[in-house]
Every structure is written in structure tokens, then in C-alpha cells.
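Chain and residue survey
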Amino acid sequence: MAADSSEYIKHHLTNLVYGQHPDGSWGFAHSAAEAAEMGFWKFHVDSLGWSVGLGFLFLLLFRMAAKRATTDVPKGFQNFVEILVDFVDTQVKENFHGRNAMIAPMGLTIFCWVFLMNLMDLVPVDWIPALASAAGIHYMKIVPSTDPNITLGMSFTVFFLIIFYSIKVKGIGGFAGELTLHPFSSNNIAVKILLIPVNLFLETVNLLAKPISLGLRLFGNMYAGEMIFILIALMFNAGVIMALFGGVLQLGWAIFHILVITLQAFLFMVLTIVYLSTAHEDH
């Protein structure tokens with residue numbers, strides 16, 4: 001029973017991987033061990049497919065809302081979209097202190113996209129993998145935000161934007177000075193020069209910690225939530241009473257998880273806005 005449970009958990013936590021095998025050929029991995037042998041050049045096809053698909057779903061829904069928008073009192077989905085846009089716009093006004101017309105649309109995209117990816121965690125863990133297995137696909141993870149490649153990919157995109165706008169607003173000299181002349185400074189030139197390596201080390205660590213913590217926070221919370229769903233799902237194979245109890249736990253955790261997935265999308269959006277606001281501040 002323990003071995004079966006272990007295999008069940010491992011199966012649900014394994015991605016559909018396409019990459020280069022040790023013999024040089026390209027193809028899908030048929031086990032976690034085979035995926036590990038592929039090295040760096042491999043793709044988590046399920047995470048990429050679901051994240052891109054959900055991104056297109058977001059664009060499609062909001063395009064539909066925009067095309068059907070009227071000057072009358074908003075109703076239905078249009079009302080929901082306007083409330084969401086106002087909510088994101090308020091967050092940008094409160095947390096972004098520069099001038100950049102891209103920040104609000106980007107904040108809206110991040111919030112909706114991350115929320116949709118997180119929302120997939122509420123789909124019962126066996127449904128889509130079972131359909132994929134019937135179609136001959138051995139592995140299928142449908143929650144992109146439980147894959148660190150996806151969350152860190154998004155967070156490092158934010159990181160590159162931080163670097164870009166820091167240099168654009170402050171100039172190369174200003175950005176370099178920000179990294180080397182803070183947090184410790186002195187009026188004595190010799191002491192100031194001696195403090196440059198210390199400041200550079202501390203500020204570099206602080207700069208790199210932003211995207212890493214941004215991506216790992218989202219991944220960690222969503223991975224833990226998915227793991228709990230998988231563990232509860234094991235109870236459905238342990239008898240009628242345990243199955244009923246598991247159903248109650250699944251419902252309770254799903255209701256609570258609605259708060260978690262929304263909060264994680266909100267935090268990713270707000271921290272992105274705050275980090276880019278700091279990049280736009282020219283002292």
C-alpha cells in the first residue's frame with residue numbers, strides 16, 4: 001500500500017518532459033528517472049502548454065469584454081472586468097510612483113494569468129491526468145504555477161524589466177552608484193572606495209533576491225496546495241468511510257484554497273509593481 005501511494009504521488013508530481021536523450025536523440029521521457037538523464041535541454045511540455053493556453057484564454061475573454069463594452073450600466077462579465085480593472089488601477093496608483101503607461105496593463109495581465117494558472121489546482125487531481133492517460137500520455141501536470149520553471153521564468157522576466165528601467169531612468173552611472181554607494185557611505189573618499197565592494201555585494205544579493213523570492217514564493221505555496229490535494233485523493237482508495245471523509249476534506253481545502261490562489265496572484269502582481277516603482281525612482 002505504501003509503495004502504491006508513493007508511486008501515485010510521484011506520478012502526479014512528474015511533468016511531461018520532451019528533451020534530448022543521452023544518446024543524442026530527441027523525444028518524450030517515459031519516467032522521472034529518464035527525464036533526469038536528459039540534462040538541461042528539456043521542456044516541460046504540460047506546464048508550457050497549459051500556461052500558454054491559459055494566457056490565450058485571458059486574452060480571449062478580455063477581448064470579448066472590450067468588444068461588447070457599452071456606455072450603459074455594465075452588466076455581467078463586463079461589470080466583472082471593469083471592477084477588476086479598477087482594482088488593479090488602484091493598486092498601481094498606490095504602489096507605483098513613477099510614470100509608465102505599461103505598468104497597469106502588465107499588472108492586470110500578471111494578476112489574471114497567475115490566478116488562472118493557480119485556479120487549475122481546484123480541478124480534481126485525477127480527472128485530466130486520467131483523460132491524458134487514456135490518450136496515451138503518461139504524465140500530465142495541469143497547474144503551471146507548481147512548476148518552478150514557470151514561476152521563476154515569470155519572475156526573472158520581471159527582474160530584466162527592473163534592470164532595464166533602472167538603467168533607462170537613472171543611467172548606467174546612476175544604477176552603478178545605486179549598487180556601490182549604498183547602504184553604507186562616508187564623506188571620506190578613501191573610506192567610500194573601501195566600502196564599494198561591501199555595498200556591491202549586499203546590493204547584488206538584495207537585487208537577485210527579488211526575482212528568486214518572487215518566483216519561489218508562488219511555487220512553494222502552490223506546490224504545497226497541490227500536494228495536499230494529492231494526499232487527500234489517496235483516501236478515496238482506502239474504503240467507503242475514508243472516501244467520504246476525503247470528500248469532505250477536499251471540499252474544505254478547495255474552499256480555503258480559493259483564498260490562497262487569489263492571494264498568491266495578488267502578491268505576485270503587487271510585488272512586481274513595487275519592484276518596478278523602485279526601479280523608476282531617481283534619487
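Our structure's up above, just so we're on the same page.
Residues numbered from 1 in each chain as written. Predicted model: local features only at pLDDT ≥ 70, side-chain atom pairs only at ≥ 80, totals over all residues. Heavy atoms only, no water.

1. Digging into unusual backbone geometry
With an omega of 5°, the peptide bond between histidine 182 and proline 183 qualifies as cis. Topologically, proline 183 is positioned in the loop between helix H7 (148-180) and helix H8 (189-233). (Helix = DSSP H or I, 4+ residues; strand = E, 2+ residues; numbered from the N terminus.)

2. Here's the deal with the nonpolar core
When a protein is soluble and globular, its nonpolar side chains tend to lie buried together. With 49 residues, the main nonpolar core has Val114 and Leu276 as its most contacted residues. Those elements that provide at least two residues to this core are helix H3 (45-67), helix H4 (76-95), helix H5 (103-119), helix H6 (127-134), H7, H8 and helix H9 (240-280). With ten residues, the top contributor of residues to this core is H9. Setting aside chain neighbours within four positions, we find valine 114 in contact with Met154, Leu218, Ala265 and Phe268. Tyr8, Ile9, Leu13 and Trp253 belong to the second largest nonpolar core, which has twelve residues in total. (Core = buried A, V, L, I, M, F, W, Y, C linked by side-chain atoms within 4.5 Å. Buried < 20%, exposed > 50% of the residue type's maximum accessible area, 1.4 Å probe, protein only. Contact = heavy atoms within 4.5 Å.)

3. So, H6
Buried within H6 we find Ile128, Pro129 and Ala132. The buried residues of H6 occupy an angular sector of 100° when the element is viewed end-on, so they sit on one face. Residues of H6 that are exposed and point over 90 degrees away from its buried face: Trp127, Leu131 and Ala134. The secondary structure elements touched by the buried residues of H6 are H3. Count one or two residues on from H6 and you reach glycine 136, which has phi positive near 90°. (Arc of directions from axis to C-beta.)

4. What to know about the packing of aromatic side chains
Within this structure, the stated rule accounts for 13 aromatic pairs. Ring geometry for phenylalanine 58 and phenylalanine 62: centres 4.7 Å apart, planes at 50°, overall tilted. Here the residue phenylalanine 58 and the residue phenylalanine 62 both occupy positions in helix H3, the gap between them amounting to four residues, near one helical turn. Each ring, one from phenylalanine 111 and one from phenylalanine 115, has its centre 6.4 Å from the other, and the planes form 15°; the classification is stacked. Pair noted here: phenylalanine 111 and phenylalanine 115 are both in helix H5, with a separation of four residues, about one helical turn. (Phe/Tyr/Trp six-rings, centres within 6.5 Å; stacked < 30°, edge-to-face > 60°.)

5. Comments concerning the pattern of salt bridges
Enumeration over the complete set of coordinates arrives at two salt bridges. Its salt-bridge partner being lysine 93, residue aspartate 89 comes within 3.2 Å of it at the nearest N-O pair. Of this pair, aspartate 89 and lysine 93 both sit in helix H4, separated by four residues, roughly a single helical turn. Residue lysine 93 is classed as exposed on the basis of its relative accessible area of 63%. Note that lysine 170 and glutamate 178 form a salt bridge whose closest N and O atoms lie 2.6 Å from each other. The partly exposed category is assigned to glutamate 178, whose relative accessible area is 23%. (Salt bridge = Lys/Arg side-chain N within 4 Å of Asp/Glu carboxyl O.)

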